[in-house]
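Structure at a glance
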Amino acid sequence: MPRHHLKYYDNVWEAGGYPPAEAANMQMRSRLMMALEDIIEERGLTQKDAAALFGVSQPRVSDLARGQIEKFSLDALVKMLHQAGY
């Protein structure tokens, strides 16, 4: 019976074939997006209220809620968290 060797990755993005630096960027963006989602949930915000808090449009909050990671840069996510007081 052949032996299968498992390969372990630091994060899911690296496992998905992204180069290490890009995988790290994607992981950081994912974590920041989850933090923003937590703020929305903890405060019971509507998308409109979250948009006002984060200093963005409601469609941007919709993108966030749908997990559209490719639409957000690290910079944009950090600015949204800063706007929310973090």
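Thresholds applied
- Per chain, the residues get numbers from 1 upward, laid out in the order the sequence is written.
- The predicted origin of the model limits local features to residues at a pLDDT of at least 70 and limits the giving and counting of side-chain atom pairs to 80 or more, whereas totals for whole chains, interfaces and linings rest on all residues.
- The basis for every side-chain value is the complete set of non-hydrogen atoms in the structure, without hydrogens or water.
- Interaxial angles span 0 to 180 degrees and are taken between N-to-C directions of axes, which are lines fitted to C-alpha atoms, for helices over the stretch in contact.
- Strands here mean DSSP runs of E at least two residues long; helices mean DSSP runs of H or I at least four residues long; both are numbered from the N terminus.
- To sort the angles, those under 35 degrees are grouped as roughly parallel, those over 145 as roughly antiparallel, those from 65 to 115 as roughly perpendicular, and the leftovers as oblique.
- Crossing handedness follows the turn of the near helix against the far one: under a right angle anticlockwise gives a left-handed crossing, and clockwise gives a right-handed one.
- Contacts were defined at the residue level, with two residues in contact if any of their heavy atoms lie within 4.5 Å.
- Put simply, a nonpolar core is a bunch of buried Ala, Val, Leu, Ile, Met, Phe, Trp, Tyr and Cys residues held in one set by side-chain atoms that sit within 4.5 Å of each other.
- Exposure classes here rest on a 1.4 Å probe applied to the protein chains alone. A residue is buried below 20% of its type maximum, exposed above 50%, and partly exposed in between.

A word on the packing of helix H2 (residues 20-43) against helix H3 (residues 47-54). H3 packs onto H2 with a crossing angle of 125° between their chain directions and a minimal axis gap of 11 Å. When the interaxial angle is binned, H2 and H3 end up oblique. Relative to H3, H2 is oriented so that their crossing is right-handed. Only Ala50, Leu53 and Phe54 of H3 make contact with H2, whose side of the interface consists of Leu36, Ile39, Ile40 and Arg43.

This brings us to the nonpolar core. Counting 17 residues, the largest nonpolar core has Leu36, Phe54, Leu64, Leu77 and Met80 as its most contacted members. Of all elements in the fold, only H2, H3, helix H4 (58-65) and helix H5 (74-83) reach the threshold of two or more residues within this core. The dominant element in this core, judged by the number of residues it contributes, is H2, at six residues. For methionine 80, the contacting residues outside a window of four places in its chain are Leu36, Phe54, Val56, Leu64 and Phe72.

A word on the environment of alanine 50. In this structure, alanine 50 sits in helix H3. A sequence separation of ten residues divides alanine 50 from isoleucine 40, and the C-alpha atoms of the two residues are 6.4 Å apart. Contact partners of alanine 50, with chain neighbours within four places excluded, come to Ile40, Leu45 and Val61.

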